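Topology and contacts: notes
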Amino acid sequence: GCDASILIDSTAQKQSEKAAGPNQTVRDFDLIDQIKTALEAACPSRVSCADVIALATRDAVALSGGPTYPLPTGRLDGLTSNVNDVNLPGPTMPVSSAFAQFFRPKGFTLNEMVTLLGAHTVGVAHCAFFQDRASNFQGTGKPDPTMDPALAGTLRRTCSASNNPTAFLDQNTSFVVDTSFYRELTVKRGVMQIDQELATDPSTSAMVAGFARSESSFRQSFAAAMVKMGSLVGQGGEVRKSCRVFNPKSPVSGGARPPVATTPRRPPVVQPAPRPVVRPRTPVPSTRRPVVSPRPSTVKPRPPVSRPRSPVVSRAPPPKSGGKKNVPKTNVKNASKAKGNQRKKPGKGN
């Protein structure tokens, strides 16, 4: 299903993967049709059906209480879908055989196989996959001794109907993606034989016990394994207009399909926005004169010289013009006395 070949409808000339026995119990293909119709209306021929499956699975896991995880896109839809190409591990296959034939050739580790089978924490299985284990294990007429007797009785009653009914793979939290599936295995309540053997096989029993104890360990491992499984696509393909049929052949190319990419499309790599380049400005010559700070003088300033002021001698006003000069009569004695007084008091009259 990684390249959406499981979505192709069978025709009168050829049966598709959808017609294979293990895939006949897959349902709700119309939900994928609704998603694809909405995508084609918004962005035609951009999102492949393979991406729809991967993204819808991721969202279904999150809505069921499981982890959410970033998922790369860019898958292409496969160009073939043959019923004989379906080769999946059966419900009664031993753990060692399932790993050697199916998981290891695809590049998965044993721990990743145990993790991916943990997807059985939700979903159902038809009685055809476990009925013999609950009532006639290996032709003994008895249930599998590794199955809880109470569970075996419940499954026998469920499968007594004639319409091949279903039973939950996780009898505890049937609609929640959690580690209850692994805890059920540790108490012999695995519905399918391949699930129960995960807890009894020496190579995987410790892994089951570890996931049963640690919810965070399972969530981290499950997210990584789902991303890895979603990368199993071929080297060519197309983006279908309808998930149920291949794109129509081009009449221009003589009936052949238009050329498609030979390698899976890669998602665009989002680069961080580049930082603006700051270029240094070219210096502009200034028209102002440079300010030169005065240098400190090394010559000591001379002290100011104080000079005595010259005495100011007031002069008598000039005589009035005309008439006789009024010269006071003084004797020589009085005149000499007056001159002496002027010498003693300079500046009188300023």
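What counts, and at which threshold
Residues numbered from 1 in each chain as written. Predicted model: local features only at pLDDT ≥ 70, side-chain atom pairs only at ≥ 80, totals over all residues. Heavy atoms only, no water. Axes fitted to C-alpha atoms, helices over the stretch in contact; angles between N-to-C directions. Helix = DSSP H or I, 4+ residues; strand = E, 2+ residues; numbered from the N terminus. Parallel < 35°, antiparallel > 145°, perpendicular 65-115°, else oblique. Contact = heavy atoms within 4.5 Å. Nonpolar A, V, L, I, M, F, W, Y, C, P; charged D, E, K, R; others polar. UniProt positions renumbered as here; feature names shortened; annotations may be inferred. Buried < 20%, exposed > 50% of the residue type's maximum accessible area, 1.4 Å probe, protein only. Polar contact = N/O pair within 3.5 Å; in protein donor to acceptor, adjacent residues only side chain to side chain. Salt bridge = Lys/Arg side-chain N within 4 Å of Asp/Glu carboxyl O. Disulfide = S-S within 2.5 Å.

1. A closer look at the packing of helix α4 (residues 110–117) against helix α10 (residues 215–229)
Where α4 meets α10, the closest approach of the two axes is 9 Å, and the angle between their N-to-C directions is 100°. Taken together, the axes of α4 and α10 lie roughly perpendicular to each other. Within the contact between the two elements, α4 uses N111, E112, T115 and L116 and α10 uses F218, S221, F222, A225, M226, K228 and M229. Residues belonging to the contact of α4 with α10 are distributed by class as follows: six nonpolar, three polar and two charged.

2. Here's the deal with the environment of C2
Checked against the element boundaries, C2 lands in the segment before α1 (29–42). Residues C2 and G78, 76 residues apart in the sequence, show an inter-C-alpha distance of 8.8 Å. Apart from residues no more than four positions distant in its own chain, C2 is found in contact with A50, R75, M229, L232 and V233.

3. Some remarks on the UniProt feature "binding site: Ca(2+) 2" (unreviewed entry) in the chain
What UniProt calls "binding site: Ca(2+) 2" (unreviewed entry) maps, in this numbering, to T121, D170, T173 and D178. Spanning 58 residues, the annotated positions come together in the fold, the maximum distance between their C-alpha atoms being 10.0 Å. Note that T173 resides in the loop between β2 (166–168) and α7 (180–186). T173 sits in the partly exposed class, given a relative accessible area of 22%. If we ignore the near neighbours within four places in the chain, the residues touching T173 are T121, D178 and S180.

4. A closer look at α4
α4 sits mainly inside the fold: seven of its eight residues count as buried. The complete set of buried residues in α4 reads L110, E112, M113, V114, T115, L116 and L117.

5. A few points about the UniProt feature "binding site: Ca(2+) 1" (unreviewed entry) in the chain
Mapped onto this structure's residue numbering, the UniProt feature "binding site: Ca(2+) 1" (unreviewed entry) falls at G1, D3, S5 and E17. Position of D3 among the secondary structure elements: in the segment before α1. According to the relative accessible area criterion, D3 is partly exposed, its value standing at 23%. Contact partners of D3, with chain neighbours within four places excluded, come to A50, L76, D77, G78 and R240. For D3, the side chain forms a polar contact with the side chain of S5, separated by 2.9 Å.

6. A look at the pattern of salt bridges
For the coordinates displayed, the defined rule picks out eleven salt bridges. In this structure, D59 engages R58 in a salt bridge whose closest nitrogen and oxygen atoms are separated by 2.7 Å. D59 gets classed as partly exposed once you look at its relative accessible area, which sits at 37%. Linked through salt bridges whose partners overlap, the residues forming this network are D9, K18, D33 and R244.

7. Describing the state of the cysteines
A full pass over the atoms with the stated rule returns two disulfides. Covalently, C49 is tied to C243 through a disulfide, its sulfur atoms 2.1 Å apart. Of note, the bridge from C49 to C243 carries an S-S torsion of about -100° and is left-handed in sense. Of this pair, C49 sits in helix α2 (residues 49–63) while C243 is found in the loop between α10 and α11 (332–344), placing the two residues 194 residues apart along the sequence. Residue classification places C49 among the buried residues on the basis of a relative accessible area of 0%. Disulfide partner of C127: C159, at an S-S distance of 2.1 Å. With the S-S bond torsion at -90°, the cross-link from C127 to C159 turns out left-handed. With C127 in the loop between β1 (124–126) and α5 (131–135) and C159 in the loop between α6 (149–158) and β2, this pair connects stretches of sequence that are 32 residues apart. The two residues C127 and C159 agree in class, both being buried. For the chain, numbering the cysteines in disulfides from first to last along the sequence yields the connectivity 1-4, 2-3.

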